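# A look at the structure
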Amino acid sequence: MIEVIERVLAWRAQGKRCALATVVAVEGSGPREPGALMAVSEDGEVAGSVSGGCVEGAVVAEALQRLDAPEPVLRTFGILGSTTPREATTLAFGFSDDQAVAVGLTCGGTFHILVQPELPNYLDRLAEALREETPFAIATVYAVNEDPDSYFADENSDVPVPAVGSSLLVLGDGEVVGSLGNPDLDRVVARDAVGVLRQGQGTRREYGRKGQSRSREVAVVMAVSVEPPKMLIFGAVDFSDALAQAAKLLGYHVVVVDARSVFATKERFPKADEVVVSWPNDYLFECGATLDERDSICILTHDPKFDVPAIEASLATKAGYIGVMGSRRTQEDRMMRLAADGVSIEEVRNRVSGPIGLDLGARTPQETAISILAEIIARRERRMAGPLSETQGPIHTEGVMTW
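What you see is a predicted model, and the numbers here were worked out from it, not measured in a lab. (Residues numbered from 1 in each chain as written. Predicted model: local features only at pLDDT ≥ 70, side-chain atom pairs only at ≥ 80, totals over all residues. Heavy atoms only, no water.)

## Structural notes on the sheet that holds strand β7 (residues 136-144)
Spelled out, the test is: Any two strands between which DSSP finds at least two bridges are classified as paired. Strands here mean DSSP runs of E at least two residues long; helices mean DSSP runs of H or I at least four residues long; both are numbered from the N terminus. Axis definition: a line fitted to C-alpha atoms, limited for helices to the stretch in contact. Angles are taken between N-to-C directions and run from 0 to 180 degrees.
Taken in spatial order, the five strands line up as β9-β8-β7-β11-β10 in an open sheet, and their pairing is antiparallel. With partners counted over all chains shown, the strands left at the sheet margins are β9 (176-178) and β10 (203-207), one partner each. Strand after strand, the sheet turns through a mean of 25° between neighbouring axes, direction not considered. Taken together, the three bridges between strand β8 (residues 167-171) and β9 define a ladder with antiparallel strand orientation. The partner of L169 across the bridge, within β9, is V177.

Right, here's the structure in full:
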């Protein structure tokens, strides 16, 4: 998201018009989640992605049309009958047949995408947030239902329906810029956006016109910009350099930590964001409280005096992944040492991957790095990581369309 907004701001500085496309829902299988963004300049330049390639061309064409017809529009891309009945989608969004674009998605899913002119009056504040590295969320109305089955129909009868495309900028410290048209709705959506920021993943919500949670009058998509996940790599070895390089490709903020100053140097790990001279357990004592389920700890030290204390300290964090390198025999020796220190072996088996990585037959540092990152992804997605050709079911987590 940050890269997309940066490009929008750069185009604006050059005097270029642009449009923004936001994924609001995915039915069936799809590689993007609600909140994914793509921007298109008047010159046809593209930043970001809404489908991983399936419908990008059709979305670009729609975005260029928005430049001359600047009202927002909600479009459905995909073969509607393949994943959900056309009647249900038409009823939910008020689409006519000519608004549904069949583009033959190879993923088999259906994308609902809001296409609108560039972000409204808070672009200057967005630029400040980027300079200050302040996390933010953008909450945008993508659909309204003026005749809902609502608990609050009478109460809301005199409240204007928000305009599709109206949006709020919500900063991590709670500052709110913009409006959805009603202060009560603004307050509730801003509160929820702060919570979504903490989760670090875009989503969509439904509200009454005054923000009531039990009503389905206003549909809002939330796109979030958060700090990148952290990867802590303990051990300044050749495998660590390969892992640091590969992790950067996945967007991690990489920190390499080793107590040996002769090995822990920026020259040896040029791709790492930080190289720290410290004992692993000391570093985690200082920084471990900042880790959450998006973060990973990879212990590659191969030395009990480093890795056993590192494992103990890692278990005290909320890191979503903890992996430790070594042979099966080495891992059994660690388990005995940890048990002698009073550490729960059940917790170690549940939380620590050792030996680290998927069983790919990896040999080189580079192959081992791929093995480690593959295991991190599989664990995050709760997958067994078998070959797709030998598995059944959706490739991606299926979205559920309620409108």
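Further notes follow.
## Let's talk about the packing of helix α8 (residues 280-287) against helix α9 (residues 304-315)
Cut-off, in case you're wondering: To sort the angles, those under 35 degrees are grouped as roughly parallel, those over 145 as roughly antiparallel, those from 65 to 115 as roughly perpendicular, and the leftovers as oblique. With the far helix as reference, a near helix turned anticlockwise by less than a right angle produces a left-handed crossing, and one turned clockwise produces a right-handed crossing. Here, two residues are considered to be in contact whenever any of their heavy atoms come within 4.5 Å of each other.
As a packed pair, α8 and α9 sit with axes 8 Å apart at the nearest point and diverge in direction by 20°. Compared by their axis directions, α8 and α9 come out roughly parallel. Crossing of α8 over α9 shows right-handed handedness. Mapping the contact onto sequence places P280, N281 and L284 in α8 and F306, P309, A310, A313 and S314 in α9.

## Some remarks on the environment of V26
To be explicit about the condition: To sort residues, take the accessible area from a 1.4 Å probe on protein chains only and compare it with the maximum for the residue type: under 20% means buried, over 50% means exposed, and anything in between is partly exposed.
Mapping V26 onto the fold places it in strand β1 (residues 18-27). Accessibility expressed as a relative area gives 7% for V26, which makes it buried. Sequence separation between V26 and F77 is 51 residues; the distance between their C-alpha atoms is 9.8 Å.

## Some details on the pattern of salt bridges
Cut-off, in case you're wondering: A pair is scored as a salt bridge if a Lys or Arg side-chain nitrogen falls within 4 Å of a carboxyl oxygen belonging to Asp or Glu.
This model, assessed by the stated rule, comprises 21 salt bridges. We note a salt bridge from E175 to R125, for which the minimum N-O separation is 3.0 Å. One end of the pair, E175, is in the loop between β8 and β9; the other, R125, is in helix α4 (residues 123-131), with 50 residues separating them in the sequence. Residue E175 is classed as partly exposed on the basis of its relative accessible area, which comes to 31%. For R216, the salt bridge identified is with E206, shortest N-O distance 3.2 Å. Here the residue R216 occupies a position in the loop between β10 and β11 (218-225), and E206 occupies one in strand β10, the gap between them amounting to 10 residues. Taking relative accessible area as the criterion, R216 reaches 37% and is therefore assigned partly exposed.

## Let's talk about the pairing of β1
Within β1, 10 of the 10 residues are buried, which leaves the element mostly enclosed by the surrounding structure. Bridge count for β1 against strand β2 (residues 37-41) is five bridges, and the pairing is antiparallel. Within the sheet, the bridge partner assigned to A21 lies in β2 and is M38. Here eight bridges tie β1 to strand β6 (residues 110-117), and the two strands are oriented antiparallel to one another. Directly across from A21, in β6, lies its bridge partner V115.

## Some remarks on α4
The set of residues buried in α4 consists of L123, R125, L126, A127, A129 and L130. Buried residues along α4 sit against α1 (2-13), β7, β8 and β9. In the segment just after α4, E133 is the residue with positive phi, at about 55°.

## A closer look at helix α6 (residues 183-199)
Quick reminder of the rule: Expected span of a helix, by definition, is 1.5 Å for each gap between consecutive residues, and there is one gap fewer than residues. Under this definition, polar contacts are N or O atom pairs within 3.5 Å; protein pairs additionally need one hydrogen-donor-capable and one acceptor-capable atom, and for neighbouring residues in sequence, both atoms have to be side-chain atoms.
With 17 residues, α6 should cover 24 Å at 1.5 Å per step; its first-to-last C-alpha distance of 25 Å lies within 8% of that length. Here α6 has its buried residues at L185, D186, V188, V189, A190, D192, A193, V194, V196 and L197. Turning to α6, the residues buried within the fold contact β7, β8, β9, β10 and β11. Where α6 begins, the capping side chain belongs to N182, and its oxygen is found 2.8 Å from the backbone nitrogen of D184.

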